[in-house]
Amino acid sequence: QTQLQESGPGLMKPLQTLSLTCTVSGYDITNNHYYWSWVRQLPGKGPEWIGGITASGSTYFNSRLKSRISISRDTSKVQFFLQLTAVTPEDTGVYYCAQISTAGRLHAWGQGTQVTVSS
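Residues numbered from 1 in each chain as written. Predicted model: local features only at pLDDT ≥ 70, side-chain atom pairs only at ≥ 80, totals over all residues. Heavy atoms only, no water.

Undergrad: What is the right way to read the environment of A103 from this model?
TA: Among the secondary structure elements, A103 is positioned in the loop between β9 (93-101) and β10 (106-109). Judged by relative accessible area, which is 51%, A103 ranks as exposed. A103 sits 90 residues away from K13 along the chain, and the two C-alpha atoms are 37 Å apart. (Helix = DSSP H or I, 4+ residues; strand = E, 2+ residues; numbered from the N terminus. Buried < 20%, exposed > 50% of the residue type's maximum accessible area, 1.4 Å probe, protein only.)

Undergrad: Please explain the pairing of strand β3 (residues 18-25) as it appears in this structure.
TA: On a regular strand, one side chain projects to one face of the sheet and the next to the other, so that they alternate. Pairing geometry for strand β1 (residues 3-7) and β3, over five bridges, is antiparallel. By the bridge assignment, L4 is partnered in β3 with V24. Relative to strand β8 (residues 79-84), β3 is paired through six bridges, and the arrangement is antiparallel. Its bridge partner lying in β8, T23 is registered against Q79. (Pairing = 2+ DSSP bridges.)

Undergrad: Is there a simple way to explain the state of the cysteines in this structure?
TA: Formally, a disulfide is one covalent bond, and it connects the sulfur atom of one cysteine to the sulfur atom of another. Summed over all chains, the structure comprises one disulfide. Note that C22 is cross-linked by a disulfide to C97, the S-S spacing being 2.1 Å. Where C22 bonds to C97 through sulfur, the torsion about that S-S bond is close to 70°, and the disulfide is right-handed. You can see C22 sitting in strand β3 and its partner C97 sitting in strand β9, a full 75 residues away along the chain. A single burial state applies to C22 and to C97, both of which are buried. (Disulfide = S-S within 2.5 Å.)

The following block contains the structure:
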């Protein structure tokens, strides 16, 4: 029932800040049965969890990326956001927002948005 839609710029220059939006429909993101995450798929690599935000607004980050990421939300618009600073070509890939169960299982996800970092 939950639907998620990623949006944001598809092309970035190195060192810029990537800002992505996930718009959620069919579920209240303040409901504590789930938390909301960003995941990316980089070429030649498996899925990488970036971070997430709980129904109460607590954030969690991948330790490898935490110095560069920020996750926030707008409950009135049923949206949550990702900011990734100082992007490099190594950040090129497909970015997904996802609904994660309290047991850590993937419940729903968006179709993904391609992000390409190039000079």
